[in-house]
Amino acid sequence: MNKDDLILNSDELILITGSNGFIGIKVVKTLLEYGFSNLRCFVRPSSNLTTLNKIISSYDKAKVQVVSGNLLSRDDCKKATEGISVIFHLAAGVGKSFAGCVMDSVVTTRNLLESILKVKNLKRFLNVSSIAVYSGAKINRGGLLDETSLIETIPHKRCEAYVYGKIKQDELLMDYHKKNKIPYVIVRPGDVYGPGKRKLSGKVGLGTFGLYLHLGGSNRIPLLYIDNCADAIVLAGIKKGIDGEVFNIVDDDLPTSREFLRMYKKNVGHFKSIYIPYGIFYFLCYLWEKYSKWSRGQLPPHFNRLKCAAEWKNIRYSNQKIKKMLGWDPIIPFDEASKRYFEYMKNGDSKC
């Protein structure tokens, strides 16, 4: 990598929030592999740091601080951001509660942004968002989802707290940029998978009702292997000339939902599933919404048409912008990535 293309030197201080998470651990490792030797890893006080410490110990020449704290604490945020040049912000709310996701995605981000207003020479705030923030309802079946696609305008009606939190987090960052000129880049990964995450993509289907409902059919899944995800995030955090940009990240050679489910059953373990076409499930979501409204919320509208369109409509996904502007390519091709994932799932608890 040409040093002239980077916004910082290898010894400048980098903060990684959520550094002990599924993606965060791999981002730390990738930064170390790229030769960045001065890292500050922010973790929760209750975190099990076994894997993170193992990675750090493999790079004994690097200066890596592991700092525990809570991003809801402004004092902790102030300490975490002292002297930093770049922030990789991966920490986020992932629960089912709207209040919890707002606290852990929006309020925490606001605290970080407030703390860096006094940081001199901040070079970038890299925010890890999600491809889930886009509105599937605004894209025709078979249409293309890219960085120009519309964001969900009424996210609360999708009944997905995580999505709501991510949308509000992105809006907050953009607002701080307008008011305070904070340099930022946003990345929106697809459905990240790989060893360390024991879950079959929700875009394949649902196991909510005691029987697995296969909903994806011939739709492409916006899969993103964990190593490829971390590499893209790091590049977006360190490359020159991309301030204010948004990048979607998905792998090449995306399989259909039907293909991926077939591969999963063959390589991990067979289980019964029932295929429900998109149109039928969309209508069922409509009925669910109607009953929820009629019952005045007795049955919450967890299944609704906005969520159905975002999760299971036949949509194509593009990674051309990040390839063109960052020179990124998936370092692990799908054949190898899926093999590693299936082996991991087969050797453990593979419940979906």
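Coordinates for the structure precede this section.
Residues numbered from 1 in each chain as written. Predicted model: local features only at pLDDT ≥ 70, side-chain atom pairs only at ≥ 80, totals over all residues. Heavy atoms only, no water.

Chemist: Explanation requested: the overall build of the chain in the structure shown.
Modeler: Assigned secondary structure in the chain consists of eleven helices and 14 strands. Against the globule reference of 20 Å for 352 residues, the chain gives a C-alpha radius of gyration of 20 Å, in line with a compact fold. Summarising its shape, the C-alpha atoms of the chain cover approximately 55 × 45 × 40 Å along the three principal directions. Counting across all 352 residues of the chain, residues that qualify as buried make up 52%. Of the contacts formed within the chain by residues at least 6 apart in sequence, a portion of 80% connects residues at least 24 apart. Of the accessible surface of the chain, which amounts to about 16,800 Å², a share of 50% is contributed by carbon and sulfur atoms. The positive charge centre, built from 53 side chains, and the negative charge centre, built from 34, are 6 Å apart in the chain. (Helix = DSSP H or I, 4+ residues; strand = E, 2+ residues; numbered from the N terminus. Rg over C-alpha atoms; globule rule 2.2 N^0.38 Å. Buried < 20%, exposed > 50% of the residue type's maximum accessible area, 1.4 Å probe, protein only. Contact = heavy atoms within 4.5 Å. Areas by Shrake-Rupley, 256 points an atom, 1.4 Å probe, with all protein chains shown as cover. Lys, Arg positive; Asp, Glu negative; His and termini not counted. Charge placed at Lys NZ, Arg CZ, Asp CG, Glu CD.)

Chemist: Would you take a moment to explain the nonpolar core for this structure?
Modeler: Across soluble globular proteins, nonpolar side chains have a tendency to be buried as a group. Ranked by internal contacts, the top residues of the largest apolar core, which has 95 residues, are Ile16, Val27, Phe88 and Ile233. A total of nine residues in this core trace back to one element, the largest contributor, which is helix α6 (residues 226-238). The residues contacting Ile233, other than those within four sequence positions of it, are Ile23, Val27, Phe88, Leu126, Val128, Val187 and Ile249. If you look at the next biggest cluster of nonpolar residues, it comprises eleven residues, including Leu206, Phe281, Phe303 and Cys308. (Core = buried A, V, L, I, M, F, W, Y, C linked by side-chain atoms within 4.5 Å.)

Chemist: What should I look at first to understand the pattern of salt bridges in this one?
Modeler: Close approach of charged atoms lets side chains of opposite charge pair. Counted by the stated rule, this structure contains 15 salt bridges. A salt bridge links Asp175 to Lys179, with the nearest nitrogen and oxygen atoms 3.2 Å apart. Taken together, the residues Asp175 and Lys179, both in helix α5 (residues 161-180) and four residues apart, mark about one turn of the helix. In this structure Lys179 comes out as exposed when scored by relative accessible area, which is 61%. One salt bridge connects Lys323 with Asp329, and the closest N-O pair in it is separated by 3.3 Å. Within this structure, Glu152, Arg158 and Glu160 form a network of salt bridges that share partners. (Salt bridge = Lys/Arg side-chain N within 4 Å of Asp/Glu carboxyl O.)

Chemist: I tried to follow the pairing of strand β12 (residues 246-249) on my own but got confused; where do I start?
Modeler: Residues Val246 and Asn248 line one face of β12 and the alternating positions Phe247 and Ile249 line the opposite face, and both faces are buried. As defined by bridge partners, strand β7 (residues 184-189) adjoins β12 across four bridges and the pair is classed as parallel. Of the residues in β12, the one forming a bridge with Ile186 is Val246. (Pairing = 2+ DSSP bridges.)

Chemist: So what exactly am I meant to see when it comes to the environment of Gly142 here?
Modeler: When you line up the elements, Gly142 lands in the loop between β5 (124-128) and β6 (144-145). Residue Gly142 is classed as partly exposed on the basis of its relative accessible area of 30%. The sequence separation of Gly142 and Arg316 amounts to 174 residues, and the corresponding C-alpha distance is 6.2 Å. For Gly142, the contacting residues outside a window of four places in its chain are Asn314 and Arg316.

Chemist: How should I be thinking about the side chain of Thr108 in this particular structure?
Modeler: Turning to its location among the elements, Thr108 is positioned in helix α4 (residues 98-116). Only 2.8 Å separates the side chain of Thr108 from the backbone oxygen of Asp104, close enough to count as a polar contact. Excluding anything up to four places from it in sequence, Thr108 contacts Leu71, Leu72 and Met103. (Polar contact = N/O pair within 3.5 Å; in protein donor to acceptor, adjacent residues only side chain to side chain.)

Chemist: Whenever I open this one, the packing of aromatic side chains confuses me. Can you help?
Modeler: Two measures describe an aromatic ring pair: the distance that separates the ring centres and the angle between the ring planes. Scanning the entire structure with this criterion turns up 17 aromatic pairs. Relative to Phe334, the ring of Phe260 lies with its centre 6.4 Å away and its plane at 50 degrees, an arrangement referred to as tilted. Within this pair, whereas Phe260 is found in helix α7 (residues 257-267), its partner Phe334 is found in helix α11 (residues 334-346), the two being separated by 74 residues in sequence. Taken together, Tyr193, Tyr212, Tyr225, Phe260, Tyr264, Phe271, Phe334, Tyr341 and Phe342 form an aromatic cluster joined through their ring pairs. Above the ring of Tyr275, the side-chain terminus of Arg258 is found at 5.1 Å from the ring centroid. The ring of Phe271 carries the charged tip of Lys265 above its face, separated from the ring centre by 5.4 Å. (Phe/Tyr/Trp six-rings, centres within 6.5 Å; stacked < 30°, edge-to-face > 60°. Lys NZ or Arg CZ within 6 Å of the ring centre and 35° of its normal.)

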